[in-house]
Amino acid sequence: MKNIKDKTKRYKTFLDTLFENVLEGIVIADKKGKILQANQHFLEIFDYKKNEVLGKPLDELITSPKERKKAASFTKKVAHGKNISFKTIRFTKKGKPINVSVLASPIIIDGNFEAMYGIYRDITKEINIEKDLQTERDRAQKYLDIAGVIIVSLNTKGEVTLINRLGCKILGYKQKEIIGKNWFDNFLPISIQNDVKKVYKKLLKGDLKQVNSYDNPIVNKKGEERLMAWHNTFLHNDKGNIIGILSSGKDITEKKESEEAQAAQYAISEATNTTKSFKELFSAIHKIISQIMPADNFFIAIYDRDSNTVSFPYIFGKYEKSIPDRKNGEGLTEMVIRTGKPLHAFPQKFKEILDKGEAKLLGKPWVDWLGVPLIINKQVIGVLTIESYDKEVKFGKKELNLLQFISTQVAMAIERQRNQENLQQETAKLSAMISGMNEGIVFANAQDKIIEVNAYFLNLVGKKRQEIIGKSIWDFHKGKILDKVKKLIWKFKNNPNTPEVELQRPLGDMEVILRLQPVYDNSKYAGIIFNLIDVSELKNAHKKAIAGVMEKNK
């Protein structure tokens, strides 16, 4: 019996010591919630002395009046044998709020509820740390959200663990629709998904060196591709193992398209200077366009306003090899000519056009159709068109913008080629007209460049044609004559009513009469004609006659 009492006493001593020295506040209350016992740590948390709490209702001591009803409901649950835990705010003796976590459990003896105990832990520091962490998270998120680039983080599975506001905007999804999704399966074009996945796995294993910068596209919610310039860095854990990747991406879609369009413009301009015929020019234009967009089915239509006729001088396609000239056509080409606006006739749009009777299907049905007008001086001179007969090849905003961007250069190239051919024809006529004249003829354009001479002039000055054509008219005058000719041409350029002028001047060993005849096109200076007549014999004869008269008078 004594051993049992000693053992019981010893256990009680252990429990009392544990009760008093545990680093959490413990309180025991009866069925009505009155405090039966409280340990030292509980008293320290709430700033009470033991005699101030014993026998007092627990909820009235540490709960605000507004919260007592809720606290009573917790007490009631425990009284019914339930264990509850929660975080809340309780108050010290002086009314200071304390953040605490509470664990409350019933004390059951012989199947009967006898009392309850509560374990209180001051979590103020933890709450403050959480607040500080949340503040840092909010600040970091603000930095991410104001960044002018996409910020995205992936784990080792390729799942998105973080994305900023701009990333959501470009992709067209809400953040919750992106977080946790596999980046490769959901936000990359299907054509590159597998390849990029393989590269990512090799990077994580260390089989490949880290690529800090590269370009690849993403796909937004509408199915549109956006080209991004990415910068990457690996994320490591404390042991140095790779746990993911953090990437920043800048949208360079418009920049890339602009660069491609400008390069195409330059190439088309160069083609204008190097090609010798419309056929060569159109073939060069097609080749240039094919480098920046699908153009397996491509044609150029030319519109003659005087005859109201559309012709198709260049056709490259799988089905159509030639299209006859037509008047008052009802196709999409004529619709572009009528409106002067670009047209993307995807299936739904084309159905609307058919229903309205704005155009008809001419030729084989296609999958997609894109046409832009070629405009010079606000007048449509033709249409640039690409078609698709392949379900996998469809056009979008990118192709429309690119085609529209370069259409001006194409129109200018066609107009220059047309003018060049007209000029060649007119020059040929002119050359034939002046070839048999018994006086020197020189034609110069508005830029003072010699564009045509006749054989008489070449014989007169002892030069070959290639030594004259393309040279400046100022290369053949000097001294006072140069000054005089410059003043006259300045008058011709600035006063369309200036009459032709004749000058007598030496030319090598000869004496010539130089006639300057301005040429005007709608009152605008277009060039000048020089007529050179050799009067050396007349001058010599005149000198001899004067010498004879003087000799006779002597």
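All residue numbers refer to positions counted from 1 along the written sequence of the respective chain. The model is predicted, so local features are restricted to residues of pLDDT at least 70 and side-chain atom pairs to those at 80 or more, both for listing and for counting; the totals for chains, interfaces and linings are taken over all residues. Water and hydrogen atoms were dropped before computing side-chain values, which therefore reflect all heavy atoms in the structure.

Engineer: Give a detailed account of the overall build of the protein chain, specifying residues and quantitative values.
Structural biologist: For the purposes of this entry, the term helix denotes a DSSP run of H or I that reaches at least four residues, the term strand denotes a run of E that reaches at least two, and both are numbered from the N terminus. A count of helical and extended segments in the protein chain gives 18 helices and 21 strands. For each residue, the accessible area found with a 1.4 Å probe, counting protein chains only, is set against the maximum for its type, and the residue is called buried under 20%, exposed over 50%, and partly exposed in between. Looking at the 554 residues of the protein chain, the share that counts as buried comes to 38%. What makes two residues a contact is simply this: any of their non-hydrogen atoms within 4.5 Å. Taking the intrachain contacts of the protein chain between residues at least 6 apart in sequence as the baseline, contacts between residues at least 24 apart amount to 44%. Counting only carbon and sulfur atoms, one obtains 52% of the accessible surface of the protein chain, whose full area is about 34500 Å². For every accessible area listed, the method is Shrake-Rupley and the probe measures 1.4 Å; residues are considered covered only by the protein chains on display.

Engineer: Break down the layout of surface pockets for me, citing the residues and quoting the values.
Structural biologist: The volume enclosed by the largest pocket comes to roughly 980 Å³. Contributing elements (two or more residues each) for the lining of the largest pocket: α10 (190–205), β8 (213–219), β9 (225–236), α11 (253–274) and α15 (397–434). Using only the protein atoms, space was sampled on a 1 Å grid; points where a 1.4 Å probe fits but cannot get out form cavities, open sets with protein on both sides within 12 Å along at least five of seven lines form pockets, and lining residues are those with an atom within 4 Å of a point. Grid points are joined across faces, edges and corners, and a volume is the space filled by probe spheres set on the points.

Engineer: Requested: an account of the packing of aromatic side chains, with residues and values cited.
Structural biologist: Classification of ring pairs uses Phe, Tyr and Trp, with its six-membered ring standing for Trp, and accepts pairs whose centres are within 6.5 Å; under 30 degrees between planes counts as stacked, over 60 as edge-to-face, and the remaining range as tilted. All told, the structure shown has 14 aromatic pairs when counted by the stated rule. When the centroid spacing of 5.6 Å and the interplanar angle of 65 degrees are considered together, the rings of F42 and Y120 count as edge-to-face. In this pair, F42 sits in helix α2 (residues 40–46) while Y120 sits in strand β5 (residues 112–122), placing the two residues 78 residues apart along the sequence. Each member of the pair, F42 as well as Y120, is classed as buried. Criterion for a charge above a ring: Lys NZ or Arg CZ within 6 Å of the ring centre, and within 35 degrees of the ring normal. Positioned over the ring face of W474 is K486, at 5.7 Å from the centre of the ring.

Engineer: Pulling in residues and values, what's your account of unusual backbone geometry?
Structural biologist: Of note in this structure, D110 is not a glycine but carries a positive phi near 55 degrees. Structurally, D110 is set in the loop between β4 (97–109) and β5. A positive phi angle, near 55 degrees, is found at N308, a position not held by glycine. The residue N308 is located in the loop between β11 (297–304) and β12 (309–316) in this model. Assessed through its relative accessible area of 30%, N308 is described here as partly exposed.

Engineer: Mind laying out the sheet that holds β11, listing which residues take part and the relevant values?
Structural biologist: Each pair of strands is called paired provided DSSP finds at least two bridges between the two strands. Spatial strand order, β13-β12-β11-β16-β15-β14: six strands in an open sheet with antiparallel pairing. The open sheet has two edge strands with one neighbour each: β13 (326–327) and β14 (343–344). For β11 and β12, the ladder comprises six bridges, and the chain directions are antiparallel. Within the sheet, the bridge partner assigned to F299 lies in β12 and is I315.

Engineer: Break down the environment of P57 for me, citing the residues and quoting the values.
Structural biologist: Tracing the chain through its elements places P57 in the loop between α3 (50–53) and α4 (58–62). In this structure P57 comes out as partly exposed when scored by relative accessible area, which is 25%. Separated by 24 residues in the primary sequence, P57 and G33 have C-alpha atoms spaced 5.5 Å apart. Look past the residues within four positions of P57 in its chain and what remains in contact with it is G33 and K34.

Engineer: Hey, could you go over the nonpolar core for me, with residue numbers and the actual values?
Structural biologist: We define the nonpolar core as a collection of buried residues of types Ala, Val, Leu, Ile, Met, Phe, Trp, Tyr and Cys that are connected through side-chain atoms lying within 4.5 Å of one another. Formed by 32 residues in total, the largest nonpolar core has its most connected members in I289, I300, L384 and L403. Residue assignment for this core shows that the elements contributing at least two residues are α11, α12 (278–290), β11, β15 (368–376), β16 (379–388) and α15. Take this core: its biggest share by element is seven residues, from α15.

Engineer: If you had to explain the packing of α11 against α12 to someone new, which residues and values would you point to?
Structural biologist: Axes are the key here: two packed helices are described by the angle between their axes and the distance separating the axes. Between N-to-C directions, angles span 0 to 180 degrees; the directions come from axes that are lines fitted to C-alpha atoms, helices contributing only their stretch in contact. Packing of α11 against α12 leaves a shortest axis separation of 10 Å and a crossing angle of 165 degrees. Taken together, the axis directions place α11 and α12 in an arrangement best described as roughly antiparallel. The chirality of how α11 crosses α12 is right-handed. Contacts between α11 and α12 pair A264, A267, I268, A271 and T272 from the former with L281, A284, I285 and I288 from the latter. Each residue gets one of three labels, nonpolar for Ala, Val, Leu, Ile, Met, Phe, Trp, Tyr, Cys and Pro, charged for Asp, Glu, Lys and Arg, and polar for the others, Gly among them. Looking at the contact of α11 with α12 residue by residue, the classes come out as eight nonpolar, one polar and no charged. Throughout this description, any angle smaller than 35 degrees is read as roughly parallel, any larger than 145 degrees as roughly antiparallel, any in the 65 to 115 degree range as roughly perpendicular, and the remainder as oblique. Working rule for handedness: look at the near helix, and if it is turned counterclockwise from the far one by less than a right angle, call the crossing left-handed; if clockwise, right-handed.

Engineer: Outline the pattern of salt bridges, listing residues and values.
Structural biologist: Here, a salt bridge means any side-chain nitrogen of Lys or Arg that lies within 4 Å of a carboxyl oxygen of Asp or Glu. All told, the structure shown has 15 salt bridges when counted by the stated rule. Taking the shortest distance from any N to any O, the salt bridge between R226 and D251 comes out at 3.1 Å. Of the two residues, R226 is situated in strand β9 and D251 in strand β10 (residues 242–251); the sequence distance between them amounts to 25 residues. Between R465 and E452 there is a salt bridge, with the nearest N and O atoms lying 2.7 Å from each other. Here R465, found in the loop between α16 (455–461) and α17 (479–494), pairs with E452, found in strand β18 (residues 450–453); they are 13 residues apart in sequence, far enough to count as distant. According to the relative accessible area criterion, E452 is buried, its value standing at 1%.

Engineer: Any chance you could break down the pairing of β8 for me, citing the residues and the numbers?
Structural biologist: As defined by bridge partners, β8 adjoins β9 across seven bridges and the pair is classed as antiparallel. Looking at the pairing, S213 lines up with H231 of β9.

Engineer: An account of empty space enclosed by the protein is needed here, citing residue identities and associated values.
Structural biologist: For the structure on display, the rule yields two cavities of 30 Å³ or more. The calculated volume of the largest cavity comes to roughly 240 Å³. Considering the residues around the largest cavity, the lining is formed by 21 residues, among which L58, D59, T75, A104 and Y120 are closest to the centre. Among the residues making up the lining of the largest cavity, the classes are represented as 14 nonpolar, five polar and two charged. In this structure, the second largest cavity occupies an estimated 50 Å³ of space. N297, F298, F299, I315, F316, G317, K318, Y319, E320, E387 and Y389 are the residues that line the second largest cavity. Among the secondary structure elements, those contributing two or more residues to the lining of the second largest cavity are β11 and β12. In terms of residue count, β11 provides more of the lining of the second largest cavity than any other element does, three residues in total.

Remember that the coordinates give geometry; whether it matters functionally is a separate question.
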